[in-house]
Amino acid sequence: MKIVITKDHKESCRKAADIIIDVVNSNPNATLGLATGGTAEQVYDELTESFKQKKVSFKNVKTINLDEYVGLSPDHEQSYQYFMNKFLFSRVDIDKNNTFVPAGNKNPEEELIAFQTMLNQHPRDFQLLGIGVNGHIAFNEPAGELRTKAHIVDISQSTITANARYFDKREDVPKQAFTQGMGDVFSAKKIVLLASGAEKADAVKALILGDIVNTWKPCSFLKLHSDLTVFIDQELADLIGYEQV
Ligand code: GLP
């Protein structure tokens, strides 16, 4: 695991975008695993900026997202499909037919099969990750055991609380989600994880300090990946007492 401390979150996002651009420029047909959430927004701003400057094209790129809320239609403002359209797909030259986010409003069992089939057929050259306040990765929530394949998960109360900030009311946060399994996430050749903000301190500690892996902190399993880069800003590094070695 490579840990990079940046001046601020904007710099983390710029560096993550540069890695994605390198992946795409060295393989214009690359498959990218994408993430949603506040942490990832600026990565897509940076990619859009680079696209406008003709430094990258997404014309032949394929993308698969990490997760989606069950029950939200793709045009719901808090669906992850809506997020991807808004922050990336509508701003660059990607072919929407080459993108996949599970549809929250279709038959869940059938959609789950479609999701896993996509994942099996399109190994990811790269995966972007955020991290949950409770250490979840995608929607792999802390539990006594973790799943390797895509599945439908009951979203934990702590994640419902954390994600309520995006909804009008806590009760509006969906109770279930589609998520890639830990094995799906791990199968990506290269992973970049971004974290910022005091509320992520415990999760980031579990990831970058010590050498314990623990299903109650799903992020800790990322320690085992052979090509993981973690970007945290100086403020978060100071908070958890991490110094660059
Ligand atoms: C959400 C998503 C994750 C995301 C994480 C962090 O619940 N399931 O894929 O990485 O939590 O989100 P944010 O960046 O908004 O804090």
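Overview of the structure. This one's a predicted model, so the numbers in the text were calculated from it and none came from an experiment. Every chain is numbered on its own, with residues counted from 1 as its sequence reads. For a predicted model such as this one, the threshold for reporting local features is a pLDDT of at least 70, and the threshold for listing and counting side-chain atom pairs is 80 or more; totals across whole chains, interfaces and linings nevertheless cover every residue. Hydrogens are left out, water is left out, and the side-chain values use all remaining heavy atoms of the structure.

Overview of the overall build of the protein chain
We count a stretch as a helix when DSSP gives it H or I for four or more residues in a row; a strand needs E for two or more, and each element gets its number in order from the N terminus. Each helix and strand counted, the protein chain has 8 helices and 10 strands in total. The size measure is the radius of gyration over C-alpha atoms, and the globule rule it meets is 2.2 Å times the number of residues to the 0.38 power. Computed over C-alpha atoms, the radius of gyration of the protein chain comes to 17 Å, within 12% of the 18 Å expected from 2.2 N^0.38 for 245 residues, which places it in the range of a compact globule. Taken over the C-alpha atoms alone, the protein chain extends approximately 45 × 40 × 35 Å along its principal axes. Partly exposed describes any residue whose relative accessible area lies between the buried limit of under 20% and the exposed limit of over 50%, with all areas from a 1.4 Å probe on protein chains only and scaled to the type maximum. By residue count, 53% of the 245 residues in the protein chain fall in the buried class.

Quick word on the state of the cysteines
To count as a disulfide, a pair of cysteine sulfur atoms needs to be within 2.5 Å. Taken as a whole and judged by the stated rule, the model has 0 disulfides. C13 takes part in no disulfide bond, and the closest cysteine sulfur, belonging to C219, lies 19 Å away. Among the residues examined, C13 registers a relative accessible area of 0% and is labelled buried. Assessed through its relative accessible area of 0%, C219 is described here as buried.

Remarks on the site of the ligand
Residue proximity to a molecule or strand is established when one non-hydrogen atom of the residue lies within 4 Å of it. In the region of the ligand, 16 residues are neighbours, and G38, T39, N163, Y166 and K200 sit closest. At a separation of 3.0 Å, an oxygen atom of the ligand approaches a polar side-chain atom of H136. Measuring from a nitrogen atom of the ligand, one finds a backbone N or O atom of A138 at 3.0 Å. Alone, the ligand offers 390 Å² of accessible surface; in the complex the protein occludes 97% of this. Three residue categories are used. Nonpolar comprises Ala, Val, Leu, Ile, Met, Phe, Trp, Tyr, Cys and Pro, charged comprises Asp, Glu, Lys and Arg, and polar comprises the others, including Gly. Residue composition of the shell around the ligand, by class: 5 nonpolar, 8 polar and 3 charged. In the analysis that follows, any N or O atom pair within 3.5 Å is treated as a polar contact, provided that within protein one partner can donate a hydrogen and the other can accept it, and provided that, for residues neighboring in sequence, both atoms belong to side chains. We get accessible surface area from the Shrake-Rupley algorithm with a probe of 1.4 Å; when it comes to residues, only the shown protein chains can shield them.

Observations regarding the sheet that holds strand β10 (residues 228-233)
Taken in spatial order, the 7 strands of this open sheet run β1-β10-β9-β6-β2-β3-β5, and their pairing is parallel. Across the chains shown, the open sheet's two edge strands, defined by having one partner strand only, are β1 (2-6) and β5 (99-100). What makes two strands pair is DSSP finding at least two bridges between them.

A short note on the sheet that holds strand β7 (residues 151-154)
Sheet architecture is open: 3 strands sit in the order β4-β8-β7, paired in antiparallel fashion. Edge positions in the open sheet fall to β4 (67-69) and β7, since each of these has one partner strand only. Strand-to-strand twist of the sheet, defined as the mean angle between neighbouring strand axes without regard to direction, takes the value 25°. In this sheet, strand β8 (residues 176-179) lies alongside β7 in antiparallel orientation, the contact comprising 4 bridges. Counterpart to H151 in the pairing with β8 is T179. Most of the contacts of helix α4 (residues 108-121) go to β8, to which it runs at about 25°, and overall it touches β7 and β8. Angles shown run from 0 to 180 degrees and are taken between the N-to-C directions of axes, each axis being a line fitted to C-alpha atoms and, for helices, limited to the stretch in contact. For this analysis, residues touch if any pair of their heavy atoms sits within 4.5 Å.

Describing the pairing of strand β9 (residues 190-195)
Counted residue by residue, β9 has 5 buried out of 6 residues, so it is predominantly covered. Here strand β6 (residues 126-129) pairs with β9 via 4 bridges, running parallel. Along β9, the bridge assignment pairs L129 with L193. As paired strands, β9 and β10 are joined by 5 bridges and run parallel to one another. Bridging from a neighbouring strand, A195 pairs with I232 of β10. Classification remark: right-handed applies to a crossover when, strands pointing away from the viewer, the course from the first strand over the helix to the second runs clockwise. Each parallel crossover has a hand, and the one from β9 via helix α7 (residues 201-208) to β10 is right-handed.

Some points on the packing of helix α1 (residues 9-26) against helix α2 (residues 38-52)
Here α1 crosses α2 at 55°, and the two axes come no closer than 8 Å. Between α1 and α2, the angle is such that the two are oblique. Crossing of α1 against α2: the hand is right-handed. Counted together, H9, K10, C13, R14, A16, A17, I20 and I21 of α1 and T39, Q42, V43, E46, L47 and S50 of α2 form the full contact between these two elements. Taken together, the residues of the contact of α1 with α2 sort by class into 7 nonpolar, 4 polar and 3 charged. The scheme is simple: roughly parallel for angles under 35 degrees, roughly antiparallel for over 145, roughly perpendicular for 65 to 115, oblique for anything else. Each crossing gets its handedness from the near helix: less than a right angle anticlockwise from the far helix is left-handed, clockwise is right-handed.

Section: the packing of α2 against helix α3 (residues 80-89)
Look at α2 against α3: their axes get within 9 Å of each other, and the N-to-C directions meet at 35°. Contacts between α2 and α3 involve E41, Y44, D45, L47 and T48 from the first element and F83, M84, F87 and L88 from the second.

Section: the nonpolar core
Within this scheme, the nonpolar core is defined by two criteria: the residues are buried Ala, Val, Leu, Ile, Met, Phe, Trp, Tyr or Cys, and they are joined through side-chain atoms within 4.5 Å. Y44, L193 and I232 are the most contacted members of the largest nonpolar core, which totals 72 residues. Per-element accounting of this core gives the leading share, 8 residues, to α1. Discounting residues that sit within four places of it in the chain, I232 has contacts with V4, I5, T6, S12, A195, V204, I208, A237 and I240. Judged by nonpolar contacts, the second largest core, of 7 residues, contains I64, F115, L119 and F178.

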